[in-house]
Amino acid sequence: MAAQAGVGQKPFHIVSPLLESLPLSKAAGAKVFMKLENVQPTGSFKIRGIGHSCQEAVKKGCCHFVCSSGGNAGLAAAYAAKKLGVPITVVIPSTSGPIPKIKLEELGAKVEVYGKAWDDANSRAQEFVKTEGWVSIHPFDDPLVWQGHTSLVRELKDSLETKPDAIVLAVGGGGLLAGVVAGLHQVGWQDVPIIATETQGAHSFHEALKAGRLITLPEITSVATCLGAKTVARRALECAKECQVISQVVEDTEAVGAVEQFLDDERILVEPACGAPLAVLYTGRLQRLQREGQLRTPLASVVVVVCGGSNIDMDQLRALKSQLGME
């Protein structure tokens, strides 16, 4: 189902599976469906929006991409670039670790490691735009990326008999949130609550919601480096005015614990960024939101976006547990 190379042809993403999870349903007290974006060609949902953005850029004559990334966005851009036959440079922060760099180089991307956070890498990428004239493929703050991500919601509409009572997803820079909100409007589901999850130390969206304006974190301290944008996209804040968006912040230990539990339950290994929405289900936060009146009771069904797992292996999971004192 993966797309073939060529501009204006099929998208590069696949229609990902939507499966009911009995363990997650038991933990959440409601029927939980997993939207398995981890099985996308590059291991995350990012290929939806970034693939679309790259195709549109080539239509306009782009001959070299540059992308800043904590990992998943760069992989999506590198994959699309390879399919389109366009060279790409990906700038990643040092906190991304060795796995993304290896995978990016395997896809033929030139990789530069710069700075400690995604924001540093993005500054470097923008220098290339100015000095080399390359086309920037933004990992989350681009209407074309949001447009590509809407496909996820259209697939939910095609797969589910009735609309869900909530969608649980992770927020890094806000691109997935923006795409899902746009998709909900497209299919007439704009009254479906979105539970937007982050880890403590990468919770720039939560702080922005609380302040009613964009907030820049002084640094990213969470191990969920793929959620590590010190400032979310302005569009993310606007989304909270258009739909019911409920912010939830989990601890790193909860996110990593959810990664391990999910591996046991579903035999699927995901990264801590994806562990954040899973932790909301495993730790009883859905039930708490019901008690507080923020979610309906009972919940007929909930969708959790299993956003990805390209930046993780068993050695990395053990290292994270050790780092967090979980062993």
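Computed from a predicted structure; not experimentally measured. (Residues numbered from 1 in each chain as written. Predicted model: local features only at pLDDT ≥ 70, side-chain atom pairs only at ≥ 80, totals over all residues. Heavy atoms only, no water.)

Engineer: Please give an account of the overall build of the protein that cites residues and values.
Structural biologist: When helices and strands are counted, the protein shows 13 helices and 10 strands. For 327 residues, the compact-globule estimate of 2.2 N^0.38 gives 20 Å, and the protein sits close to it at 18 Å. Taken along its principal axes, the extent of the C-alpha atoms in the protein is 55 × 45 × 40 Å. Per-residue burial over the protein gives 59% buried out of 327 residues. A fraction of 70% describes how many contacts in the protein between residues 6 or more apart in sequence connect residues 24 or more apart. (Helix = DSSP H or I, 4+ residues; strand = E, 2+ residues; numbered from the N terminus. Rg over C-alpha atoms; globule rule 2.2 N^0.38 Å. Buried < 20%, exposed > 50% of the residue type's maximum accessible area, 1.4 Å probe, protein only. Contact = heavy atoms within 4.5 Å.)

Engineer: Can you tell me about the sheet that holds strand S2 (residues 31-36), naming the residues and giving the values?
Structural biologist: One open sheet holds the six strands; their spatial order is S1-S2-S10-S7-S8-S9, and the pairing between them is mixed. The outermost strands of the open sheet, each flanked by one partner alone, are strand S1 (18-21) and strand S9 (245-250). Neighbour-to-neighbour, the strand axes of this sheet turn through a mean angle of 25 degrees, independent of strand direction. Two elements, S1 and S2, share four bridges in a ladder whose sense is antiparallel. Its bridge partner lying in S2, Leu19 is registered against Met34. (Pairing = 2+ DSSP bridges. Axes fitted to C-alpha atoms, helices over the stretch in contact; angles between N-to-C directions.)

Engineer: Provide a residue-level description of the domain arrangement of the protein, including the pertinent values.
Structural biologist: Under the domain assignment, the protein is made up of domain 1 (18-45 + 142-324) and domain 2 (46-136). One C-alpha centre belongs to domain 1, the other to domain 2; they are set 23 Å apart. Opposite the 29 residues of domain 1 that make contact, domain 2 presents 21 residues. Taken together, the two surfaces of domain 1 and domain 2 that pack against each other cover about 2000 Å², and 54% of this comes from carbon and sulfur. The three residues of domain 1 that bury the most area against domain 2 are Thr42, Leu144 and Ser310, which together make up 26% of that side's buried surface. At the junction of domain 1 and domain 2, the tally comes to two salt bridges. One salt bridge in this structure joins Arg48 and Glu37, with 2.7 Å as the shortest N-O distance. The interface formed by domain 1 and domain 2 includes 14 residue pairs in polar contact (both at pLDDT 80 or more). Element by element, the count of residues in the side of domain 1 that touches domain 2 is highest for helix H6 (residues 143-159), at eight residues. Taken together, the residues that form the side of domain 1 that touches domain 2 break down as nine nonpolar, 13 polar and seven charged. (Domains from an automatic or database assignment. Buried area = accessible area lost by both parts, 1.4 Å probe. Salt bridge = Lys/Arg side-chain N within 4 Å of Asp/Glu carboxyl O. Polar contact = N/O pair within 3.5 Å; in protein donor to acceptor, adjacent residues only side chain to side chain. Nonpolar A, V, L, I, M, F, W, Y, C, P; charged D, E, K, R; others polar.)

Engineer: Describe unusual backbone geometry, with residues and values.
Structural biologist: A cis amide bond, omega -5 degrees, links Thr297 with the succeeding residue Pro298. Residue position: Pro298 is located in the loop between helix H12 (285-291) and strand S10 (301-306). Even without glycine at this site, Arg267 takes up a positive phi of about 60 degrees. Here Arg267 shows up in the loop between helix H10 (252-266) and helix H11 (272-282). Looking at Arg267, the relative accessible area reads 67%, which means it is exposed.

Engineer: So what about the packing of helix H8 (residues 204-211) against helix H9 (residues 234-242)? Which residues, and what values?
Structural biologist: For the pair H8 and H9, interaxial distance at closest approach is 10 Å and the crossing angle is 55 degrees. In terms of axis orientation, H8 runs oblique to H9. Relative to H9, H8 is oriented so that their crossing is right-handed. Contacts from Phe205, Ala208 and Leu209 in H8 reach Ala236, Leu237 and Ala240 in H9. Looking at the contact of H8 with H9 residue by residue, the class counts come to six nonpolar, no polar and no charged. (Parallel < 35°, antiparallel > 145°, perpendicular 65-115°, else oblique. Left-handed = near helix turned anticlockwise from the far one by under 90°.)

Engineer: Explain the packing of helix H3 (residues 72-84) against helix H4 (residues 98-106) residue by residue, including any values.
Structural biologist: One can describe the packing of H3 onto H4 by two numbers: an axis separation of 9 Å at closest approach and a directional angle of 5 degrees. Regarding the angle of H3 to H4, the classification is roughly parallel. Contacts between H3 and H4 involve Gly74, Leu75, Ala78 and Lys82 from the former and Pro100, Lys103, Leu104 and Glu106 from the latter. The residue makeup of the contact of H3 with H4, split by class, is four nonpolar, one polar and three charged.

Engineer: Describe the pattern of salt bridges, with residues and values.
Structural biologist: For the coordinates displayed, the defined rule picks out 16 salt bridges. Here Glu155 makes a salt bridge to Arg48, at a shortest N to O gap of 2.8 Å. In this pair, Glu155 sits in helix H6 while Arg48 sits in helix H2 (residues 46-59), placing the two residues 107 residues apart along the sequence. We note that Glu155, like Arg48, is buried. Among the salt bridges present, the one from Asp315 reaches Arg318, with a minimum N-O distance of 2.7 Å.

Engineer: Tell me about the sheet that holds strand S5 (residues 110-113), residues and numbers included.
Structural biologist: Read from one edge to the other, the open sheet built from four strands follows the order S5-S4-S3-S6, with strand pairing classed as parallel. This sheet does not close on itself; its edge strands, each paired only once, are S5 and strand S6 (135-136). Pairing of strand S3 (residues 65-68) with strand S4 (residues 88-92) involves four bridges; the strand directions are parallel. If you follow Phe65 over to S4, its bridge partner there is Ile88. Running over the sheet, helix H5 (residues 118-132) touches S3, S4, S5 and S6 and is turned about 160 degrees from S3.

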